[in-house]
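Read off the chains here:
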Amino acid sequence: EAGVTQFPSHSVIEKGQTVTLRCDPISGHDNLYWYRRVMGKEIKFLLHFVKESKQDESGMPNNRFLAERTGGTYSTLKVQPAELEDSGVYFCASSHQTGGNTEAFFGQGTRLTVV
Amino acid sequence: QKEVEQNSGPLSVPEGAIASLNCTYSDRGSQSFFWYRQYSGKSPELIMFIYSNGDKEDGRFTAQLNKASQYVSLLIRDSQPSDSATYLCAFSEGYALNFGKGTSLLVTP
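It should be emphasised that the depicted structure is a prediction, and the values quoted were computed from it without experimental measurement.

What counts and how
Residues numbered from 1 in each chain as written. Chains lettered and ligands numbered in written order. Predicted model: local features only at pLDDT ≥ 70, side-chain atom pairs only at ≥ 80, totals over all residues. Heavy atoms only, no water. Helix = DSSP H or I, 4+ residues; strand = E, 2+ residues; numbered from the N terminus. Rg over C-alpha atoms; globule rule 2.2 N^0.38 Å. Buried < 20%, exposed > 50% of the residue type's maximum accessible area, 1.4 Å probe, protein only. Pairing = 2+ DSSP bridges. Salt bridge = Lys/Arg side-chain N within 4 Å of Asp/Glu carboxyl O. Phe/Tyr/Trp six-rings, centres within 6.5 Å; stacked < 30°, edge-to-face > 60°. Disulfide = S-S within 2.5 Å. Polar contact = N/O pair within 3.5 Å; in protein donor to acceptor, adjacent residues only side chain to side chain. Contact = heavy atoms within 4.5 Å. Buried area = accessible area lost by both parts, 1.4 Å probe.

This part is about the overall build of chain A. A count of helical and extended segments in chain A gives zero helices and 11 strands. Moving toward the C terminus, one meets the helices and strands of chain A in the order β-β-β-β-β-β-β-β-β-β-β. For 115 residues, the compact-globule estimate of 2.2 N^0.38 gives 13 Å, and the C-alpha radius of gyration of chain A, at 13 Å, lies within 12% of that figure. Taking the principal axes of the C-alpha coordinates as reference, chain A spans close to 40 × 25 × 20 Å.

Written as structure tokens, this is what we have:
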């Protein structure tokens, strides 16, 4: 069974450009999460989808970030326009259920560098 | 702001020893706690979760939770060089996880 896959693994873009990150969750997982780790900081929650619906996007930094999950399968996270402080590792995770003891499976992350 | 505190390390232990990783958290309402292991450049993977006070054992790993002290720890018995990684402590806030910065563990042969 394939795990959570993310694409690309690395991206280097210039300030002001647009970047789109993609996440394919484990098949059958309705719950999809985006997290981000900025250098030197802890992994921070960005948002949560249940199928195609956004359940919570309270962690999104600002309106330059747009996440979608059309059809409830894969998800994209677009940053437009990118700023230097957006650099970091963006993780996607998925789970079959929600709740405190539910295991979330993480992808390997996309390392975004904005120069 | 709800926080998870971990010593960043590196924590160095010899092979075969017990590695003890510690974590404190600020939210008294937290119910479930997780330990993730992350190798460099890889995805975090869940080792254990615990939600009741006391100890929970799984193979060489034991998680300990003390809600009164807001403290959770992970013990790794018979440490192996392959255990060298960053260990992330997290608590769940509904469906979202709140992570610490992680502790780097180095097991030396």
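A few words on the pairing of strand E9 (residues 88-95) of chain A. Residue and element names in this part refer to chain A. Within E9, eight of the eight residues are buried, leaving the element largely enclosed by the surrounding structure. Across seven bridges, strand E4 (residues 31-37) lies against E9 in antiparallel orientation. Bridge pairing in E9 places Tyr35 opposite Phe91. The pairing of E9 with strand E11 (residues 110-114) spans three bridges and is antiparallel. Bridge pairing links Val89 to Arg111 in E11.

Turning to the pattern of salt bridges, a few remarks are in order. The full count for this structure, using the stated rule, is nine salt bridges over all chains. Close ionic contact of Glu57(A) with Lys54(A) constitutes a salt bridge, the shortest N to O distance being 3.8 Å. Assessed through its relative accessible area of 42%, Glu57(A) is described here as partly exposed. According to the relative accessible area criterion, Lys54(A) is partly exposed, its value standing at 34%. Salt-bridge contacts for Arg60(B) lead to Asp83(B); the nearest nitrogen and oxygen are separated by 2.9 Å. With Arg60(B) in the loop between strand E6 (54-58) and strand E7 (61-66) and Asp83(B) in the loop between strand E8 (71-76) and strand E9 (85-93), this residue pair connects regions lying 23 residues apart in the sequence. Several salt bridges share partner residues, and in doing so they unite Arg64(A), Glu85(A) and Asp86(A) into one network.

Residues and elements named next belong to chain A. For the structure shown, the criterion picks out 14 aromatic pairs over all chains. With a centroid separation of 5.5 Å and an interplanar angle of 45 degrees, the aromatic rings of Tyr35 and Phe106 are classed as tilted. Taken together, the residues Tyr35 in strand E4 and Phe106 in strand E10 (residues 105-106) connect sequence positions 71 residues apart. The class of Tyr35 is buried, set by a relative accessible area of 1%.

The subject of this paragraph is the state of the cysteines. Under the criterion given, the structure shown has two disulfides over all chains. A sulfur-sulfur distance of 1.8 Å marks the disulfide that ties Cys23(A) to Cys92(A). Judged by the torsion about the S-S bond (-65 degrees), the Cys23(A)/Cys92(A) disulfide is left-handed. Here Cys92(A) lies in strand E9 and Cys23(A) lies in strand E3 (residues 19-24), a separation of 69 residues in the sequence. The disulfide partner of Cys23(B) is Cys89(B), and the gap between their sulfur atoms is 2.1 Å. Taking the sign of the S-S torsion, about -75 degrees here, the bridge from Cys23(B) to Cys89(B) comes out left-handed.

This brings us to the side chain of Thr62(B). All names here are of chain B. By the element assignment, Thr62 lies in strand E7. Accessibility expressed as a relative area gives 6% for Thr62, which makes it buried. Polar contacts involving the side chain of Thr62 include one to the side chain of Arg77, which spans 2.6 Å.

Right, let's get into the interface of chain B and chain A. Counting residues at the interface gives 21 residues for chain B and 23 residues for chain A. When chain B packs against chain A, close to 1800 Å² is buried across both sides, 53% of that on carbon and sulfur atoms. Summed over the three residues of chain B that lose the most area to chain A, namely Tyr95(B), Phe99(B) and Lys101(B), the buried surface amounts to 36% of that side. Summed over the shared surface of chain B and chain A, the number is zero salt bridges. At the boundary of chain B and chain A, one finds six residue pairs in polar contact (both at pLDDT 80 or more).

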